Amino acid sequence: AQSVAQPEDQVNVAEGNPLTVKCTYSVSGNPYLFWYVQYPNRGLQFLLKYITGDNLVKGSYGFEAEFNKSQTSFHLKKPSALVSDSALYFCAVRDNPRAEYGNKLVFGAGTILRVKS
Amino acid sequence: DAGVTQSPTHLIKTRGQHVTLRCSPISGHKSVSWYQQVLGQGPQFIFQYYEKEERGRGNFPDRFSARQFPNYSSELNVNALLLGDSALYLCASSPVEIRSNQPQHFGDGTRLSIL
């Protein structure tokens, strides 16, 4: 079964500094990977996805993610953090990309990002 | 365009009661999925529906059921509520089903509290 691990419960970074939120995955076959962000009392907002192609994926709000097949990682990055980036971040993998039906997502436990001014 | 809409936003029930949660997908999206997010955890998959048929089911008891209507909106029903059913219930829609790599778009959820 597919699984995702987010090894850090919380990441603290100063405004203007680069940020990284870590994600590792375990899948059979090629992974379909996603990052979502959740603000308090809101649903999940899609940030970016990796399906195939370039290992560096660019997404919304200046975020990007680096896919590393050998390390089975998909870390979320941003060159310069903003206070407004403070939120809960989820990494997810599609359960079975080869299935005709079913785009069930398997989520990590989430990482709280705190950006201090 | 309107995003995924869910109703109600908040709900308080007591143990043993029944609840119905509603979801309207983004216009043009035919696939709807339901997730349960317990406080401090990532969302857990409950159901997926496409073209009014169940296409996937997570590891949830039979107390949980759902359906999709001809307009692609969906309902999630939970019977015999337990304290452990307290959670944020998220609905997600996506435009294409078969071997889709399109991201799912989530609503803001229904926060269900069981007393």
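Residues numbered from 1 in each chain as written. Chains lettered and ligands numbered in written order. Predicted model: local features only at pLDDT ≥ 70, side-chain atom pairs only at ≥ 80, totals over all residues. Heavy atoms only, no water.

A. Representation of the interface of chain B and chain A in the model. Across the contact, 26 residues belong to chain B and 25 residues belong to chain A. Summed over the shared surface of chain B and chain A, the number is 1 salt bridge. With a closest N to O distance of 3.0 Å, R42(A) and D108(B) form a salt bridge. Here chain B and chain A share 5 residue pairs in polar contact (both at pLDDT 80 or more) between them. Where the side of chain B that touches chain A is concerned, the elements lending two or more residues are β4 (31-37), β5 (44-50) and β9 (87-94) of chain B. With 4 residues, the single largest contributor to the side of chain B that touches chain A is β4(B). (Contact = heavy atoms within 4.5 Å. Salt bridge = Lys/Arg side-chain N within 4 Å of Asp/Glu carboxyl O. Polar contact = N/O pair within 3.5 Å; in protein donor to acceptor, adjacent residues only side chain to side chain. Helix = DSSP H or I, 4+ residues; strand = E, 2+ residues; numbered from the N terminus.)

B. Layout of the state of the cysteines. Residues and elements named next belong to chain A. Within this structure, the stated rule accounts for 2 disulfides over all chains. With its sulfur 2.0 Å from that of its partner, C23 forms a disulfide with C91. On the sign convention where negative is left-handed, the bridge of C23 and C91, at about -60° about the S-S bond, is left-handed. Of this pair, C23 sits in the loop between β3 (19-21) and β4 (24-26) while C91 sits in strand β10 (residues 87-94); the two residues are 68 residues apart in sequence, bridging distant segments of the chain. (Disulfide = S-S within 2.5 Å.)

C. Structural view of the environment of C23(B). Residue and element names in this part refer to chain B. Along the chain, C23 falls in strand β3 (residues 19-24). Along the sequence, C23 and G40 sit 17 residues apart, while their C-alpha atoms lie 23 Å from each other. Apart from residues lying up to four places away in sequence, C23 is in contact with V4, T5, Q6, V32, W34, S73, S74 and C91.

D. Spotlight on the pairing of strand β9 (residues 73-78) of chain A. When you tally the buried positions in β9(A), you get 5 out of 6 residues, the bulk of the element. If you look at the hairpin formed by strand β8 (residues 64-68) of chain A and β9(A), you'll find 4 residues sitting between the two strands, and T72(A) has a positive phi there, around 45°. (Buried < 20%, exposed > 50% of the residue type's maximum accessible area, 1.4 Å probe, protein only. Pairing = 2+ DSSP bridges.)

E. Structural context of the side chain of S94(B). Here S94(B) is to be found in strand β9. When residues no more than four places from it in sequence are discounted, the contact partners of S94(B) are N103(A), H29(B), K30(B), S31(B), P103(B) and Q104(B).

F. Local environment of the nonpolar core. Within the largest apolar cluster, 27 residues are counted, with the highest numbers of intra-cluster contacts made by W35(A), L47(A), L48(A), F74(A), L76(A) and Y89(A). For this core, the secondary structure elements donating two or more residues are β2 (10-14), β3, β5 (33-38), β6 (44-50), β8, β9, β10 and β12 (111-116) of chain A. A per-element tally of this core places β10(A) first, with 4 residues. When residues no more than four places from it in sequence are discounted, the contact partners of L48(A) are L33(A), F34(A), W35(A), V57(A), K58(A), G59(A), F63(A), E64(A), A65(A), F74(A) and L76(A). Counting 22 residues, the second largest nonpolar core, distinct from the first, contains V19(B), L21(B), Y49(B) and V78(B). (Core = buried A, V, L, I, M, F, W, Y, C linked by side-chain atoms within 4.5 Å.)

G. Looking closely at the sheet that holds strand β8 (residues 74-78) of chain B. Residues and elements named next belong to chain B. Within the open sheet, the 4 strands sit side by side as β1-β3-β8-β7. Their pairing is antiparallel. The two strands at the open ends of the sheet, each matched to only one other strand, are β1 (5-7) and β7 (64-68). The mean inter-strand angle of the sheet, taken between neighbouring strand axes irrespective of direction, is 15°. (Axes fitted to C-alpha atoms, helices over the stretch in contact; angles between N-to-C directions.)

H. The arrangement of the pattern of salt bridges in detail. Going through the model one piece at a time under the given rule, you end up with 10 salt bridges over all chains. The partner of K58(A) in a salt bridge is E64(A), with the nearest N and O atoms 2.9 Å apart. Of the residues examined, E64(A) reaches a relative accessible area of 18% and is grouped as buried. In this structure, E51(B) engages K30(B) in a salt bridge whose closest nitrogen and oxygen atoms are separated by 3.8 Å. Taken together, the residues E51(B) in the loop between β5 and β6 (53-57) and K30(B) in the loop between β3 and β4 connect sequence positions 21 residues apart. We classify K30(B) as partly exposed; its relative accessible area is 30%. Several salt bridges share partner residues, and in doing so they unite R22(B), R67(B) and E75(B) into one network.

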